Amino acid sequence: MESYFVFIKFHWTGGHVMKKLIAILLILSSLAMLFAACGKEDEKNKALSEMTLEDILAAIYDKGGYGKMLTSLIEAPVPEEDDFTNYLVTTEITDSNCAYFLGKADIEFERAIASEASLNPTTYSLCLVKAKEGQDVEALADTIKKNADPMKWVCTGVSPDHVYVEHIGDIVILIMSGTDGEALLEAFRSLARDAEQA
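Residues numbered from 1 in each chain as written. Predicted model: local features only at pLDDT ≥ 70, side-chain atom pairs only at ≥ 80, totals over all residues. Heavy atoms only, no water.

A cluster of acidic residues, Glu-80, Glu-81, Asp-82 and Asp-83, forms a negative patch on the protein surface. Counting through the fold element by element, Glu-81 comes out in the loop between helix H3 (68-75) and strand S1 (88-92). Residue classification places Glu-81 among the exposed positions, given a relative accessible area of 64%. (Patch = residues over 30% accessible without salt bridge, like charges linked within 9 Å, V, L, I, M, F, W, Y side chains within 5 Å. Areas by Shrake-Rupley, 256 points an atom, 1.4 Å probe, with all protein chains shown as cover. Salt bridge = Lys/Arg side-chain N within 4 Å of Asp/Glu carboxyl O. Lys, Arg positive; Asp, Glu negative; His and termini not counted. Charge placed at Lys NZ, Arg CZ, Asp CG, Glu CD. Helix = DSSP H or I, 4+ residues; strand = E, 2+ residues; numbered from the N terminus. Buried < 20%, exposed > 50% of the residue type's maximum accessible area, 1.4 Å probe, protein only.)

Structural data, given as structure tokens:
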């Protein structure tokens, strides 16, 4: 009889220990998956941050699938002399032109470029902004979103609904386009996914 009670006690306490052990293993595996996901996010952001702004811009345009007007601008060759054809021009954003491209003159960043049509008014703009090291990228993106002027072209513009601002890692993208904003934004996001899968 005594041995029976010893067995019951051992079985009960052993089962309790097993439940605790399973719970601990489940917690540890969950933490491992969480850290792995965070690591992948960091790698994704790092891969995009290591690209030049020009490389990011070219990769976005290479994704294709855009409307007729933007596709023709992307495919148009840059003429050796100004012959009044419409094509995309990449411009360095500086203190002197920051207000035009980003809507505010004193925005701080490490480097930024804009891609717009050579002939105005063509209501299209794509800007890429790299934050300074340690800069609050969320605040930078918010500042750009609040100040971007969708009516900056002479007598015309796009709807405020067609202004897109997002960031991945330390890169902020500003898109103003009445037809291709969502497709361009998805192309930007896909660069991070491509880097994650590489």
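That shown, we press on.
Mapped onto the elements of the fold, Tyr-66 is located in the loop between helix H2 (53-63) and H3. Residue classification places Tyr-66 among the buried positions, given a relative accessible area of 10%. For the pair Tyr-66 and Ala-183, spaced 117 residues apart in sequence, the C-alpha to C-alpha distance is 6.9 Å. Not counting residues up to four positions away in its chain, the partners in contact with Tyr-66 are Ile-60, Tyr-61, Thr-71, Ile-74, Asp-180, Ala-183, Leu-184 and Ala-187. A distance of 2.6 Å separates a polar side-chain atom of Tyr-66 from the backbone oxygen of Ile-60. (Contact = heavy atoms within 4.5 Å. Polar contact = N/O pair within 3.5 Å; in protein donor to acceptor, adjacent residues only side chain to side chain.)

Further remarks concern the state of the cysteines. This structure, assessed with the given rule, holds 0 disulfides. Here Cys-127 is not disulfide-linked; the sulfur of Cys-98 is the nearest cysteine sulfur, at 9.0 Å. Take Cys-127: its relative accessible area is 0%, and that puts it in the buried class. (Disulfide = S-S within 2.5 Å.)

Taken together, the 5 strands give an open sheet; going across it, the order is S1-S2-S3-S5-S4, and neighbouring strands pair in antiparallel fashion. The open sheet terminates on both sides in strands that have one partner only, identified here as S1 and strand S4 (163-168). Pairwise comparison of adjacent strand axes, ignoring direction, gives a mean angle of 15 degrees for this sheet. One ladder, built from 5 bridges, connects S1 with strand S2 (residues 111-117); its direction is antiparallel. By the bridge assignment for S2, Glu-92 is matched with Ile-113. Along the sheet, H2 makes contact with S1, S2, strand S3 (124-130) and strand S5 (171-177), crossing S3 at roughly 140 degrees. Of the strands in this sheet, S3, S4 and S5 are in contact with helix H5 (residues 137-147), which crosses S4 at around 170 degrees. (Pairing = 2+ DSSP bridges. Axes fitted to C-alpha atoms, helices over the stretch in contact; angles between N-to-C directions.)

This part takes up the packing of aromatic side chains. Applying the stated criterion across every chain yields a total of 1 aromatic pair. Ring geometry for Tyr-100 against Phe-101: centres 5.0 Å apart, planes inclined by 75 degrees, an arrangement best described as edge-to-face. In this structure Phe-101 comes out as buried when scored by relative accessible area, which is 8%. Here Lys-152 stacks its cationic end above the ring of Tyr-100, 4.1 Å away from the centre of that ring. (Phe/Tyr/Trp six-rings, centres within 6.5 Å; stacked < 30°, edge-to-face > 60°. Lys NZ or Arg CZ within 6 Å of the ring centre and 35° of its normal.)

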